[in-house]
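Architecture at a glance
Each chain, written out:
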Amino acid sequence: MKLDAKIPSGPLEEKWFNYKKNARLVNPANRKKLDVIVIGTGLAGSSVAASLGEMGYNVKSFCFQDTPRRAHSVAAQGGVNAAKNYKNDGDSIYRMFVDTLKGGDFRAREANVYRLAECSVNLIDQAVAQGVPFGREYGGYLNNRSFGGVQVSRTFYARGQTGQQLLLGTYQALMRQVSKKTVQLYSSHEMLDLVVIDGKARGVIVRNLETGEIERHAAHAVVLATGGFGKIYYLSTLAMGCNGSAIWRAHKKGAFFASPSWTQIHPTSLPQSGDYQSKLTLMSESLRNDGRIWVPKNLNETRVANDIPEEERDYYLERRYPAFGNLAPRDISSRAAKERIDAGYGVGPLKNAVYLDFSKAIREQGQAKIAEKYGNLFTMYEKITGTNAYKEPMMISPAAHFSMGGLWVDYELMTTIPGLFALGEANFADHGANRLGANSLLQASVDGYFIAPYTIANYLADQIRVGKITTDHPEFDKAEQEVKDKLEGLLKINGDKTVDYYHKKLGKLLYDYCGLARTKEGLEFAIEEIKKLRAEFYQNVHVPGTNATINSELEKAGRVADYLEIGTLMCYDALTRDESCGAHFREEYQTEEGEAARNDAQFQFISAWEWPGSLDQEPILNKEELTFEYVKPTIRSYK
């Protein structure tokens, strides 16, 4: 299948303007006759639902949490990027565009990335108008800080809880529309399948998680804003409920899945402390503005951090990447930490961490200033570890975090299924092979507030002729029966292993063989092992309870069943890409200095995988070739 990205004509800086100028519109009277379903209530989902509701469409908003405020956008702590140039340090929309393209190792579309930078400017003004309490300087001006992969200060922040504050602003906008009855809110509901009629997305099958009831909902368009699938590794920075089921079920109905192997390992997590853990805690990347990362120079060091003299400390990021130092991008910083830990220089009880040290910053700025910028993060660290990070260094370690891959979408954020849109982390669109810090909150918000309201309207302009979509079509009967059969099938297995047992086994396989580093042999091994694990899962998993009430184990079982299929595709994608780029590091393809060796001649494309129809067949690879008119791909160096 030939993939059409639908990139508008004209110069780069005029493409989005030209699109909006020529986009079709729906008049206010007709909007009331059109229905849109939005799955997910994070920044992307809540913002698009609120925007469409304000415009007059009939919107149904679904989340599996008990309230939209629990969406995982709250966990993005460090900040949100915008090319405002408030620091007068040379920032611009174009510089942000280049930084983002370079950060993604030149594996993203120029047009999408430029639009992200262009729309960032308006987002900050919108958030301030909503009451988001961004950090300010003494005179009242909005303050900025830096994040990895850039040499300017463009990150707006609300201490260490930026995602939470942005989500509260979006939640208020959503609930305003709920009170106006333009948006119907369905909390504690999980999407279990997509309904496609005559090739178009026309509805969803959901389960009421409190009653077990299976429900049908129809619409003229469906929006997936369900986040990423990083929890596939089991131990990750993500909440326990995060999953990839919505986009995977859509994939099996015809939506192409792009670049699933591009998953980000965050360098600033608390290290694993034992086998009992179910998740890891993220410490904001913003800490790397003032914290210095180091390990002891001596192998098997037994002294505590404060007893190790300066000359016996290896500030390895400052040594290897002097131009960016501790603000090197996430993929590079994570691999550098893994290299030091694997070489035997790790610290902590399990020797699986590195130090993040604030002593120099505290000496120069004072503890009060550091507390003003990061106080809640230091408090959180002490509550978890019992260590006062003002007095001794934090210990951090790489951990699974963000999915750059997701459903393939065109410039309009529409998937290969007409009428099905994917926003935020659920799509692949803006980050290439590695996401720069503070761009996740940006993409989610921009997709929902500034892009999708135009592109969805453009699609809906000719849907008014279709009339009301109802749930009595045979495709709804078929999808609902398939959902019920799958749920009943999981309950009937009645084996002797828990769902978590299989999730942990899958997570370790993926982290070891499709994590920070990959090899051909390791990926081939992982594919076969995951197939065996999936077969064992369907023979021996134990799911207690019934489908007629609250059953969190049944919810988990469905999600892990999907993970076992997503994991296979991740490995296929990594295996077919014979290069290293961004977060995808194939050990066979690296420079003499251990850096990623990209192959633009053969792999300058987006992998868009097509569901083959069954698990017995290999997935089908489609390619969207990438062209660069404005920025020439170069060797990605931060030295």
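Above this text you will find the structure in question.
Thresholds applied
- Residues numbered from 1 in each chain as written.
- Predicted model: local features only at pLDDT ≥ 70, side-chain atom pairs only at ≥ 80, totals over all residues.
- Heavy atoms only, no water.
- Helix = DSSP H or I, 4+ residues; strand = E, 2+ residues; numbered from the N terminus.
- Rg over C-alpha atoms; globule rule 2.2 N^0.38 Å.
- Buried < 20%, exposed > 50% of the residue type's maximum accessible area, 1.4 Å probe, protein only.
- Contact = heavy atoms within 4.5 Å.
- Areas by Shrake-Rupley, 256 points an atom, 1.4 Å probe, with all protein chains shown as cover.
- Lys, Arg positive; Asp, Glu negative; His and termini not counted.
- Charge placed at Lys NZ, Arg CZ, Asp CG, Glu CD.
- Pairing = 2+ DSSP bridges.
- Polar contact = N/O pair within 3.5 Å; in protein donor to acceptor, adjacent residues only side chain to side chain.
- Axes fitted to C-alpha atoms, helices over the stretch in contact; angles between N-to-C directions.
- Parallel < 35°, antiparallel > 145°, perpendicular 65-115°, else oblique.
- Left-handed = near helix turned anticlockwise from the far one by under 90°.
- Nonpolar A, V, L, I, M, F, W, Y, C, P; charged D, E, K, R; others polar.
- Salt bridge = Lys/Arg side-chain N within 4 Å of Asp/Glu carboxyl O.

1. Focus: the overall build of the chain
Tallying secondary structure elements over the chain gives 17 helices and 19 strands in all. Against the 2.2 N^0.38 benchmark of 26 Å for 639 residues, the chain shows a C-alpha radius of gyration of 24 Å, consistent with a compact globule. The principal-axis extents of the C-alpha atoms in the chain amount to approximately 75 × 60 × 50 Å. Out of the 639 residues belonging to the chain, those deemed buried represent 62%. Long-range pairs, those at least 24 residues apart, make up 74% of the contacts in the chain with a sequence separation of at least 6. When the accessible surface of the chain is split by element, carbon and sulfur atoms take 49% of a total near 24,200 Å². For the chain, the centre of its 78 positive side-chain charges and the centre of its 78 negative side-chain charges are spaced 4 Å apart.

2. Digging into the sheet that holds strand 14 (residues 354–357)
Overall, antiparallel pairing links the five strands, which are arranged 11-15-14-12-13 in an open sheet. Both outer strands of the open sheet, strand 11 (263–269) and strand 13 (313–314), are each paired with one neighbouring strand and no more. Inspection of the sheet shows strand 12 (residues 292–296) paired to strand 14 by three bridges, in the antiparallel sense. Residue pairing in the sheet places Ile-293 in a bridge with Leu-356 of strand 14.

3. Section: the side chain of Asn-547
Relative to the assigned elements, Asn-547 resides in the loop between helix 15 (520–540) and helix 16 (552–576). Here Asn-547 falls in the buried class, since its relative accessible area comes to 12%. A polar side-chain atom of Asn-547 sits 2.8 Å from a polar atom in the side chain of Arg-207. The contacts of Asn-547, once residues within four sequence positions are left out, are Arg-207, Thr-211, Gly-212, Leu-487, Glu-488, Leu-491 and Leu-554.

4. Description of the sheet that holds strand 8 (residues 214–218)
Taken together, three strands build an open sheet; the order of strands is 6-7-8 and the sheet is antiparallel. With partners counted over all chains shown, the strands left at the sheet margins are strand 6 (189–197) and strand 8, one partner each. For this sheet, the mean inter-axis angle between neighbouring strands, taken without regard to orientation, is 25 degrees. One ladder, built from five bridges, connects strand 7 (residues 200–208) with strand 8; its direction is antiparallel. Bridging from a neighbouring strand, Ile-205 pairs with Arg-216 of strand 8.

5. Observations concerning unusual backbone geometry
In the Ramachandran plot, Asn-85 falls in the positive-phi region, its phi being about 55 degrees despite a non-glycine side chain. Among the secondary structure elements, Asn-85 is positioned in the loop between strand 3 (80–81) and helix 4 (93–103). The exposure class assigned to Asn-85 is partly exposed, which follows from its relative accessible area of 26%. Unlike most non-glycine residues, Asp-198 shows phi in positive territory, near 50 degrees. Mapped onto the secondary structure, Asp-198 falls in the loop between strand 6 and strand 7.

6. Points about the packing of helix 14 (residues 499–513) against helix 16
Put simply, helix 14 and helix 16 touch, their axes get as near as 10 Å, and they point 20 degrees apart. Relative to helix 16, helix 14 is oriented roughly parallel. Considering only the axes of helix 14 and helix 16, their crossing is left-handed. Between helix 14, through Val-499, Asp-500, Tyr-502, His-503, Leu-506 and Leu-510, and helix 16, the contact on the second element is made entirely by Glu-553, Lys-556, Ala-557, Val-560, Tyr-563, Leu-564, Gly-567, Met-570 and Cys-571. For the contact of helix 14 with helix 16, the class distribution of residues is 10 nonpolar, two polar and three charged.

7. Some points on the pattern of salt bridges
Applying the stated criterion across every chain yields a total of 53 salt bridges. Salt-bridge contacts for Lys-532 lead to Glu-529; the nearest nitrogen and oxygen are separated by 3.2 Å. Linking Lys-532 with Glu-529, this pair stays in helix 15, spanning three residues, or about one helical turn. Overall, the relative accessible area of 53% leaves Lys-532 in the exposed class. One salt bridge connects Glu-553 with Lys-556, and the closest N-O pair in it is separated by 2.9 Å.

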